[in-house]
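# Structural characterization, general
Listed below, chain by chain, are the residues.
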Amino acid sequence: MRNRLAAVPSDRVHLWLMLLLTFGTGVVDAVGYLGLDRVFTGNMTGNVVILGMALVGADDLPVLGPVLALGGFMAGAALGGRVLRRAAGAWTGLTTALFAVVAVLVLALAVVLFAVGDHPGRWVEITVTTVLGAAMGVQAATARFIAVKDVTTVVVTSTITGLAADSTLGSGKGGGSGRRALAVLLILAGAAAGAALLRWHLGAGLVLSGAVVAVATVVGAVHTTVAAATPAPG
């Protein structure tokens, strides 16, 4: 089993793990938007658009929540970027540590939501979305460092653009269409799962998302360890 895992190329493992994290982001954004006062915690483009509309009083949209989630995301991304300045490879102990922080934060917030019930107060909602934004910022910065093409784990707009532009209706290049389509489908599936879990409890989606990040973290760390310890053939 060890040798079989080590034989899987790192770029393939990283692709599947980033796709898994993309699913988790869909879950988190469903919880944030539907359960926590229409705030995106992974898709910052959505927050910027909501904020722009809210500033002119459209549809009673929130202002404070998107601003704090955006600030949290930027702080988390800055932290990830600073930590990874010392990283010597795509997946190292630093990468594992950052993803582990994301998993712990998301699971801790799930515990908070289970503790306060399905109807948390305004400041609990704002605190949760701000910290979730920071966690997603750390994840996005770490995924950016791993640099799996077309899979950022937090947004799919550029992925959809590439999918359409390189399709037979576009340039016809077709490169990366499979991974692009999977990224879109997985964030869609994650959003659907997050929305469905809201029917049970507000914190349920965060349990799922935190578990997804934890699994990706462990698999990535184990693969890196066994690949480094396995002698090259020949």
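Figured I'd write up the structure that's included with this text.

## Describing the overall build of the chain
- For the chain, the count of helices and strands is nine helices and zero strands.
- Overall, the chain shows an N-to-C arrangement of helices and strands of α-α-α-α-α-α-α-α-α.
- By the compact-globule yardstick of 17 Å for 234 residues, the chain fits well, its C-alpha radius of gyration being 18 Å.
- Seen through its principal axes, the chain has C-alpha atoms that stretch 65 × 45 × 35 Å.
- When the 234 residues of the chain are sorted by exposure, 43% land in the buried category.
- Expressed as a percentage of contacts within the chain between residues at least 6 apart in sequence, the contacts between residues at least 24 apart total 75%.
- Of the roughly 11200 Å² of accessible surface on the chain, 69% is carried by carbon and sulfur atoms.
- Positive and negative side-chain charges in the chain, numbering 14 and 9 respectively, have mean positions lying 16 Å apart.

## Thoughts on the pattern of salt bridges
- Applying the stated criterion to the full structure yields three salt bridges.
- Between Asp150 and Arg180 there is a salt bridge, and its shortest N-O distance comes to 3.0 Å. On the criterion of sequence distance, the pair formed by Asp150 in the loop between helix H6 (122-146) and helix H7 (157-165) and Arg180 in helix H8 (residues 177-197) is long-range, its members being 30 residues apart.
- On the accessibility criterion, Asp150 (19% relative accessible area) is buried.
- Look at Arg180 and you get buried, because its relative accessible area is 5%.
- With its nearest N and O atoms 2.9 Å apart, the salt bridge here joins Arg180 to Asp166. In this pair, Arg180 sits in helix H8 while Asp166 sits in the loop between H7 and H8, placing the two residues 14 residues apart along the sequence.
- The class for Asp166 is buried, based on a relative accessible area of 17%.
- Among the ionic contacts, a cluster of salt bridges with common partners joins Asp150, Asp166 and Arg180.

## Here's the deal with the layout of surface pockets
- In this model, the largest pocket occupies a volume close to 210 Å³.
- If you trace the largest pocket, you find 14 residues lining it, with Asp29, Phe40, Asn43, Ile187 and Ala191 closest to the centre.
- Looking at the lining of the largest pocket, the elements with two or more residues in it are helix H2 (10-35) and H8.
- Tallied by class, residues from the lining of the largest pocket come to nine nonpolar, four polar and one charged.

## Considerations on helix H9 (residues 204-229)
- Compared with an ideal rise of 1.5 Å per residue, which puts 26 residues at 38 Å, H9 spans 38 Å between its outermost C-alpha atoms and is within 8% of the ideal.
- Within the sequence span of H9, burial applies to Ala204, Gly205, Leu206, Ser209, Gly210, Val212, Val213, Ala216, Thr217, Gly220, His223 and Val226.

## Observations concerning the environment of Leu55
- In this fold, Leu55 is placed in the loop between helix H3 (44-54) and helix H4 (64-83).
- Expressed as a C-alpha distance, the spacing of Leu55 and His223, which sit 168 residues apart in the sequence, is 47 Å.

## Looking at the nonpolar core
- Core analysis: the biggest nonpolar cluster contains 39 residues, and Met18, Val102, Val106, Leu132, Met136 and Leu206 have the highest contact counts within it.
- Those elements that place two or more of their residues in this core are H2, H4, helix H5 (93-116), H6 and H9.
- In contact with Leu206, not counting residues within four places along its chain, are Val28, Val31, Val106, Leu107, Leu109, Ala110, Leu113 and Leu132.

## Thoughts on the packing of H2 against H9
- Remark: H2 packs on H9, axes separated minimally by 8 Å, with the N-to-C direction vectors making an angle of 165°. It follows from the interaxial angle that H2 and H9 lie roughly antiparallel. Remark: the crossing between H2 and H9 carries left-handed chirality. Counting all contacts with H2, which are made through Ser10, Val13, Leu17, Leu20, Leu21, Phe23, Gly24, Val27, Val28 and Val31, the residues of H9 involved are Gly205, Leu206, Leu208, Ser209, Val212, Val213, Val215, Ala216, Val219, Gly220 and His223.
- Among the residues forming the contact of H2 with H9, the class breakdown is 15 nonpolar, six polar and no charged.

## Some details on the packing of H2 against H6
- Their axes nearest at 11 Å, the elements H2 and H6 cross at an angle of 160°. Overall, the two elements H2 and H6 adopt an arrangement that is roughly antiparallel. Along this stretch, H2 crosses H6, giving a crossing that reads as left-handed. Mapping the contact onto sequence places His14, Met18, Leu21, Thr25, Val28 and Gly35 in H2 and Glu125, Leu132, Met136, Gln139, Ala143 and Ile146 in H6.
- Here the contact of H2 with H6 is composed, by residue class, of seven nonpolar, four polar and one charged.

The rules we used
- Residues numbered from 1 in each chain as written.
- Predicted model: local features only at pLDDT ≥ 70, side-chain atom pairs only at ≥ 80, totals over all residues.
- Heavy atoms only, no water.
- Helix = DSSP H or I, 4+ residues; strand = E, 2+ residues; numbered from the N terminus.
- Rg over C-alpha atoms; globule rule 2.2 N^0.38 Å.
- Buried < 20%, exposed > 50% of the residue type's maximum accessible area, 1.4 Å probe, protein only.
- Contact = heavy atoms within 4.5 Å.
- Areas by Shrake-Rupley, 256 points an atom, 1.4 Å probe, with all protein chains shown as cover.
- Lys, Arg positive; Asp, Glu negative; His and termini not counted.
- Charge placed at Lys NZ, Arg CZ, Asp CG, Glu CD.
- Salt bridge = Lys/Arg side-chain N within 4 Å of Asp/Glu carboxyl O.
- 1 Å grid on protein atoms, 1.4 Å probe; cavity = no way out; pocket = protein on both sides within 12 Å on 5 of 7 lines; lining within 4 Å.
- Points joined across faces, edges and corners; volume = space filled by probe spheres on them.
- Nonpolar A, V, L, I, M, F, W, Y, C, P; charged D, E, K, R; others polar.
- Expected span 1.5 Å × (residues − 1).
- Core = buried A, V, L, I, M, F, W, Y, C linked by side-chain atoms within 4.5 Å.
- Axes fitted to C-alpha atoms, helices over the stretch in contact; angles between N-to-C directions.
- Parallel < 35°, antiparallel > 145°, perpendicular 65-115°, else oblique.
- Left-handed = near helix turned anticlockwise from the far one by under 90°.

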